[in-house]
Structures are given as C-alpha cells and as structure tokens.
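For reference, the chains in residue letters:
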Amino acid sequence: MTSTWTFEEIADDDVAQVVALWHACDLTRPWNDPHLDIADARANPASTVLVARDASGVVASVMAAYDGHRGWLYYVAVSPDLRGAGLGRAAVEAGEAWLRAAGARKTQLMVRTTNDQAVGFYERLGYADQSTTVLGRWL
Ligand SMILES: CC(C)(COP(=O)(O)OP(=O)(O)OC[C@H]1O[C@@H](n2cnc3c(N)ncnc32)[C@H](O)[C@@H]1OP(=O)(O)O)[C@@H](O)C(=O)NCCC(=O)NCCS
C-alpha cells in the first residue's frame, strides 16, 4: 500500500518538536545532545533529518547519512499515539529513498541491544542481522 505520509527536510520551526519526539521515544542519551545531532546532520550535505507532520506538528522522524560506502539510518521515531499504522515503515522508506538518491546501494542501522521491539520492526521491513560488532571511540 502506498503511504499517505509525506516526509520533508526538517525546518527551523521543527527542531524543538523533533527533540521532544526523540525524548518521548526514549531515543536520547546523556552523551548525545539532540540539538547538536540535528545541527550536524543539517550542516552536512551527506546527511539529513526528514520529518512527517500532521495538524499537531511533527509526528515522525528519520535521520539519514551516506558515508560514501553505506547509507545509515538513525532516529527513526513515531509519536507513541500514532504507532502501528504504517508511519514507521513510511519513515524508513523515506530515509531509504533519500539515501538511494545520494548514491547508497545498501542501508544499515544500529539498534540498542535493549530495544527488542525495534529489531522485530526492522526485520519485518527486510533488515537482517549483519553479524557485525560495532565499535566506537570519542574523538
Ligand atoms: C519502532 C517504531 C518506529 C515503529 O513505528 P510504527 O509506526 O509503529 O511501525 P509501523 O506501523 O510502520 O510497522 C511497520 C511494520 O512492522 C511491523 N512491526 C512493528 N513492530 C514490530 C515488532 N516489534 N515485531 C514485528 N513486527 C513489527 C508492523 O506490524 C508493520 O507490519 P506491516 O507493514 O506488514 O503491517 C516505533 O515503535 C517507535 O518510534 N519506537 C520508539 C523509537 C525506536 O525504538 N526507534 C528505533 C530506533 S533503532
């Protein structure tokens, strides 16, 4: 079924609502400043934050970033009272479309090990465990 939701680039007026959405979705962590994450993604031509809105404002988001090898999705979020109606799928598809247009041939994403619900969601959308351990270090 074709989604009725439209995702567009985040605008200045959306930022506070997007941060509130990420808090409501438990996607924020003390070590990631969401305002800085949004500003960084907007400042870089290889990344973006896309949002869907209804009459109340921002109801869903996805951050997409192409690193020259893989396309990455972050901050897939749907307003808690609108879940289960296809908006999460629409967010992922919007991010994938943006990455495809940027030149990416494959999308990847990281799910916190505590987020079993999200794993089921992504598997339903065709994503599979890549048998890879993600390592990180602050610069
Ligand atoms: C995960 C999340 C984005 C899903 O959004 P949603 O709008 O409820 O998802 P959708 O309604 O678009 O579901 C898409 C499909 O996944 C399925 N699905 C959703 N959750 C599922 C689960 N836990 N297990 C199996 N299937 C699931 C739906 O049944 C639907 O299937 P269908 O299209 O064949 O009918 C939403 O729950 C959310 O914002 N969670 C909090 C933030 C989060 O954890 N984000 C991921 C960070 S990695």
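Anyway, here's the lowdown on the structure attached to this text.

Thresholds applied
Residues numbered from 1 in each chain as written. Predicted model: local features only at pLDDT ≥ 70, side-chain atom pairs only at ≥ 80, totals over all residues. Heavy atoms only, no water. Phe/Tyr/Trp six-rings, centres within 6.5 Å; stacked < 30°, edge-to-face > 60°. Buried < 20%, exposed > 50% of the residue type's maximum accessible area, 1.4 Å probe, protein only. Core = buried A, V, L, I, M, F, W, Y, C linked by side-chain atoms within 4.5 Å. Helix = DSSP H or I, 4+ residues; strand = E, 2+ residues; numbered from the N terminus. Contact = heavy atoms within 4.5 Å. Pairing = 2+ DSSP bridges.

Here we take up the packing of aromatic side chains. Within a pair of aromatic rings, the relevant descriptors are the distance that separates the centres and the angle that separates the planes. Summed over the entire model, instances satisfying the criterion amount to 4 aromatic pairs. Ring plane angle 20° and centroid distance 6.4 Å describe the contact between Trp-72 and Tyr-74, whose orientation is recorded as stacked. Seen in terms of ring centroids, Tyr-122 and Tyr-127 are 5.9 Å apart; in terms of plane orientation they differ by 65°. Their pairing is edge-to-face. A relative accessible area of 10% means that Tyr-122 is categorised as buried.

Now for the nonpolar core. Side chains of nonpolar character tend, in soluble globular proteins, to be buried together. With 22 residues, the main nonpolar core has Phe-7, Leu-73, Leu-87 and Tyr-122 as its most contacted residues. At the level of secondary structure, the elements contributing two or more residues to this core comprise strand S2 (47–54), strand S3 (57–66), strand S4 (71–78), helix H3 (87–102) and helix H4 (116–124). Among the elements that line this core, the one with the most residues is H3, at 7 residues. Residue contacts for Leu-73: discarding those within four places in its chain leaves Val-62, Met-63, Ala-64, Val-92, Gly-95, Glu-96, Leu-99, Gln-108, Leu-109 and Tyr-127.

Here we take up the pairing of S2. In terms of burial, S2 is largely enclosed, as 6 of its 8 residues are buried. Bridging between strand S1 (residues 7–9) and S2 involves 3 bridges; their strand directions are antiparallel. Pairing of Glu-9 across the sheet is with Leu-50, part of S2. Turn length for the S2-S3 hairpin, with the two strands adjacent in sequence and antiparallel, is 2 residues.

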